[in-house]
Amino acid sequence: MDVYKIAGEKPLKGTIKVSGAKNSAVALIPASILANSPVTIEGLPEILDVWTLKTLLEEIGGNVEFDDGRMVIDPRSMVDMPMPNGNVKKLRASYYLMGAMLGRFKKAVIGLPGGCHLGPRPIDQHIKGFEALGAQVTNEHGAIYLRAEELRGAKIYLDVSSVGATINIMLAAVLATGKTIIENAAKEPEIIDVATLLTNMGAKIKGAGTNVIRIEGVEELHGTNHTIIPDRIEAGTYMIMAAAIGDGVTIDNVIPLHLEAVTAKLREMGVEVMEEEERIFIPKPKSLKPVDIKTLVYPGFPTDLQQPFTVLLTQANGSSIVTDTIYSARFKHIDEISRMGAVAKVEGRSAILTGPTKLEAATVTATDLRAGAALIIAGLLAKGNTEVHDIFHIERGYSDIIAKLQDLGADIHRESIETESANQAAKRFN
Ligand SMILES: CC(=O)N[C@H]1[C@@H](OP(=O)(O)OP(=O)(O)OC[C@H]2O[C@@H](n3ccc(=O)[nH]c3=O)[C@H](O)[C@@H]2O)O[C@H](CO)[C@@H](O)[C@@H]1O
Ligand SMILES: C=C(OP(=O)(O)O)C(=O)O
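Residues numbered from 1 in each chain as written. Chains lettered and ligands numbered in written order. Predicted model: local features only at pLDDT ≥ 70, side-chain atom pairs only at ≥ 80, totals over all residues. Heavy atoms only, no water.

## Notes on the overall build of the chain
Along its length, the chain carries 14 helices and 23 strands. For a compact globule of 430 residues, the expected C-alpha radius of gyration is about 22 Å, and the chain comes in at 22 Å, within 12% of that figure. Here the C-alpha coordinates of the chain stretch approximately 60 × 55 × 40 Å along the principal axes. Considering only intrachain contacts with a sequence separation of at least 6, the fraction spanning at least 24 residues in the chain is 72%. Surface summary for the chain: the accessible area is close to 17,100 Å², and the carbon and sulfur share equals 48%. (Helix = DSSP H or I, 4+ residues; strand = E, 2+ residues; numbered from the N terminus. Rg over C-alpha atoms; globule rule 2.2 N^0.38 Å. Contact = heavy atoms within 4.5 Å. Areas by Shrake-Rupley, 256 points an atom, 1.4 Å probe, with all protein chains shown as cover.)

Structure below.
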């Protein structure tokens, strides 16, 4: 089993480059299914989710080459192969295969997706959208079966501004007959990125990035070349690290506008954040003030940065409250940082953190992707040698994180360790 080993208390200094956005990548790749000629996507992050999607596209007959962040997808030989199990369960975003395959083949069978366990993550709004477009949708033994004679444009009001449902409906609607209107659409930057790719493929989409998206169906879509946007969540993670244990860190390849809520909260804590066009510089912070945070849909504070931020708040002078309004169970990391000495408790949808605390190294487990990022920050701050287990969660979403942090001066590496069975441990104990 591979783990991350971190020797803490080494200040971070220098420049770190952000990779392409995970949550764009995982939609851009399935979007290529809709084209009638090859699609090239540049700047993709080298993360497990991207590799899994490459495999999934190959499973349905696509020709996919991926090298140095550049993926060339030839969708012409793809078929409507059912995928009720297997790789679809390794990531959340396999749900985009539903919209893309329904759009192209008018049918699809896709197993319910995996991804981070953060409380219930229903896909009822995706299904409501597909049904409004004319598809028959059934759930059979944990797989979603979709079939349509014809997809017809429709007006769809989303009960929740879901990122996944907004993108999935766009994917299904671009080749439908007539006009689709998505109301109460999500406004995340990744939605604009996917709409840009689809538009360059020949789709007619207006309003992406606002809460009303209008799509005029077209007969076919062609290949194109697209460069992905930078990952605002990865960038935000490094901003939080810089505020926690930085000695002057430049974060390169960012769109500062995408991180306004995070920047505002860091400034409220007393952290200086200097923005340039595509870079953010955070000098060594002095003392940190506590702040309260409430996660909201974009442009509010992103839920995906809530967990890393809680670790920073253990270093602030006083108590902070973090409330997650998006997910009901996104505080599993609090138990793990408590092992390291964090003074923290969870009450309902809020975590209360009191600092400043000198964290101590421990062996901890990543329960999900951003919990893993939070544990890396805690390990960088802690006295002693921290070991982080279940790192596959982290590698679903952070490209090259070990090398990037080593370049900033962190003492972190990936190592294989022997695992002991419960029986072996019991024998040793007796
Ligand atoms: C692959 C990807 O892009 N993942 C991101 C995406 O997840 P994902 O697309 O799954 O998140 P959504 O925006 O859909 O979910 C937001 C909220 O709406 C609820 N909901 C969603 C869909 C639905 O049909 N019914 C419903 O009730 C969810 O349970 C959740 O409480 O946006 C989340 C919110 O910014 C991020 O945390 C994830 O990193
Ligand atoms: C929740 C996340 O990912 P996913 O939706 O892919 O599980 C995340 O990126 O923080």
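Following the structure, the description resumes.
## Some remarks on the site of ligand 1
Among the 20 residues in the neighbourhood of ligand 1, the closest are listed as Tyr 95, Gln 125, Ser 162, Asp 304 and Ile 326. At 3.0 Å, a side-chain N or O of Asn 23 approaches an oxygen atom of ligand 1. In the environment of ligand 1, an oxygen atom lies 3.1 Å from a nitrogen or oxygen atom belonging to the side chain of Tyr 327. Burial of ligand 1 by the protein chains amounts to 87% of its free accessible area of 740 Å². Listing elements by their share of the shell around ligand 1, those giving two or more residues are helix H1 (22-31), helix H4 (124-132) and helix H5 (163-173). The leading source of residues in the shell around ligand 1 is H4, at three residues. Class assignment for the residues of the shell around ligand 1 results in nine nonpolar, six polar and five charged. Mapped onto the domain boundaries, the shell around ligand 1 takes at least three residues apiece from domain 1 (2-19 + 230-422) and domain 2 (22-227). (Near = heavy atom within 4 Å. Polar contact = N/O pair within 3.5 Å; in protein donor to acceptor, adjacent residues only side chain to side chain. Nonpolar A, V, L, I, M, F, W, Y, C, P; charged D, E, K, R; others polar. Domains from an automatic or database assignment.)

## Remarks on the UniProt feature "modified residue: 2-(S-cysteinyl)pyruvic acid O-phosphothioketal" (unreviewed entry) in the chain
Under the UniProt annotation, the feature "modified residue: 2-(S-cysteinyl)pyruvic acid O-phosphothioketal" (unreviewed entry) is placed at Cys 116. Among the structural elements, Cys 116 can be located in the loop between strand E6 (107-111) and H4. Residue Cys 116 is classed as buried on the basis of its relative accessible area, which comes to 9%. When near neighbours in sequence (up to four residues on either side) are disregarded, Cys 116 contacts Arg 121, Asp 368, Leu 369 and Arg 396. (UniProt positions renumbered as here; feature names shortened; annotations may be inferred. Buried < 20%, exposed > 50% of the residue type's maximum accessible area, 1.4 Å probe, protein only.)

## Topic: the side chain of Lys 404
Summarising the element assignment, Lys 404 is placed in helix H13 (residues 401-407). On the basis of relative accessibility, which here comes to 12%, the residue Lys 404 falls in the buried class. A polar atom in the side chain of Lys 404 sits 2.8 Å from the backbone oxygen of Lys 17. Among all residues touching Lys 404, those that are not within four sequence positions of it are Ile 16, Lys 17, Val 18, Ser 19, Glu 234, Tyr 238 and Ser 399.

## What about the UniProt feature "binding site: UDP-N-acetyl-alpha-D-glucosamine" (unreviewed entry) in the chain?
When the UniProt feature table is mapped onto this chain numbering, "binding site: UDP-N-acetyl-alpha-D-glucosamine" (unreviewed entry) sits at Arg 92, Arg 121, Pro 122, Ile 123, Asp 124, Gln 125, Asp 304 and Ile 326. Note that Arg 92 resides in the loop between strand E5 (70-74) and helix H3 (96-105). For Arg 92, a relative accessible area of 12% puts it in the buried group. Every residue in contact with Arg 92, bar those within four places of it in the chain, is listed here: Pro 113, Gly 114, Gly 115, Arg 121, Pro 122, Ile 123 and Arg 396. With respect to the element layout, Asp 304 can be found in the loop between strand E17 (293-295) and helix H9 (306-313). Those residues within four positions of Asp 304 in sequence are excluded, and the remaining contacts are Asn 23, Ile 233, Arg 330 and Arg 370.

## Details of the pattern of salt bridges
Note on pairing: side chains with opposite charge can pair once their charged atoms come close. For the structure on display, the rule yields 22 salt bridges. For Lys 54, the salt bridge identified is with Glu 58, shortest N-O distance 2.7 Å. Linking Lys 54 with Glu 58, this pair stays in helix H2 (residues 48-59), spanning four residues, or about one helical turn. Across the salt bridge formed by Arg 279 and Glu 276, the nearest N and O atoms sit 3.8 Å from each other. On the accessibility criterion, Arg 279 (33% relative accessible area) is partly exposed. Among the residues examined, Glu 276 registers a relative accessible area of 52% and is labelled exposed. Put simply, Asp 2, Glu 395 and Arg 414 are held in one network by salt bridges that share partners. (Salt bridge = Lys/Arg side-chain N within 4 Å of Asp/Glu carboxyl O.)

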